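Spelled out, the chains give:
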Amino acid sequence: MKKTYMIEFELPHAFDEEFMALIPKQRYIINTMLADGRVKAYSLAMDRSRLWVIMTGDSEFDVLEQIAQMPLSDYMDPDISELMFHNTSDAVMQFSLN
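Counting of residues starts from 1 at the beginning of each chain's written sequence and follows it residue by residue. Given that the model is predicted, a residue must reach a pLDDT of at least 70 before its local features are reported, and side-chain atom pairs must reach 80 or more before they are shown or counted; all residues, however, enter totals for whole chains, interfaces and linings. To get the side-chain values, take all heavy atoms of the structure and skip hydrogens and water.

## Overview of the sheet that holds strand E1 (residues 3-10)
Across a sheet, strands are paired by hydrogen bonds formed along the backbone, either parallel or antiparallel in direction. Strand order in the open sheet formed by four strands is E2-E3-E1-E4, and the pairing between neighbours is antiparallel. The strands lining the two open edges of the sheet, one partner per strand, are strand E2 (39-44) and strand E4 (77-82). Each adjacent strand pair in this sheet contributes to an overall mean axis angle of 20°, direction not counted. Sheet analysis places E1 next to E4, joined by six bridges and oriented antiparallel. Bridging from a neighbouring strand, phenylalanine 9 pairs with proline 78 of E4. The sheet contacts of helix H1 (residues 17-35) involve E2 and strand E3 (50-57), and relative to E2 the element is tilted by about 145°. Sitting on the sheet, helix H2 (residues 60-68) touches E1, E3 and E4, and the angle it makes with E3 is about 125°. Between any two strands, pairing holds if DSSP finds at least two bridges. Segments assigned H or I by DSSP are reported as helices when at least four residues long, segments assigned E as strands when at least two residues long, and all are numbered from the N terminus. The axes are straight lines fitted to the C-alpha atoms, using for helices just the contacting stretch, and the angles between their N-to-C directions are given from 0 to 180°. In what follows, a contact means two residues having at least one pair of non-hydrogen atoms within 4.5 Å.

Set out below in structure tokens:
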């Protein structure tokens with residue numbers, strides 16, 4: 001059974017050229033993970049100091065393997081927490097006025 005995890009990453013204070021060059025690849029991988037349901041949410045702090053990801057996986061090790069697929073993983077130290085639940089407005093039943 002899939003578990004849900006919140007991963008918090010602290011990002012570098014300054015982004016070098018190599019980091020910046022990896023951002024498009026990072027977005028591609030994240031978009032792929034969003035499309036196939038491995039990533040449920042992906043959020044960046046306004047000051048670009050932290051990144052939060054809600055991710056599903058069989059175990060914390062599985063999540064670490066998925067993080068390793070991210071091009072920016074060498075720049076990010078993950079703090080992983082297993083969640084009891086993760087509610088979103090998308091999961092609430094929507095009623096039609098028709």
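## Some thoughts on the packing of aromatic side chains
Pairing of aromatic side chains here covers Phe, Tyr and the six-membered ring of Trp, requires ring centres within 6.5 Å, and sorts the geometry by plane angle: under 30 degrees stacked, over 60 edge-to-face, intermediate tilted. Applying the stated rule across the entire model yields two aromatic pairs. Between phenylalanine 15 and phenylalanine 19, the aromatic rings sit 4.2 Å apart at their centres with planes inclined by 20°, giving stacked as the arrangement. Exposure classes here rest on a 1.4 Å probe applied to the protein chains alone. A residue is buried below 20% of its type maximum, exposed above 50%, and partly exposed in between. Here phenylalanine 15 falls in the partly exposed class, since its relative accessible area comes to 30%. The class for phenylalanine 19 is buried, based on a relative accessible area of 3%. For the ring pair phenylalanine 19 and tyrosine 75, a centre distance of 5.0 Å and an interplane angle of 90° mean the geometry is edge-to-face. Note that phenylalanine 19 is positioned in helix H1 and tyrosine 75 in the loop between H2 and E4, a separation of 56 residues in sequence. Here tyrosine 75 falls in the partly exposed class, since its relative accessible area comes to 23%.

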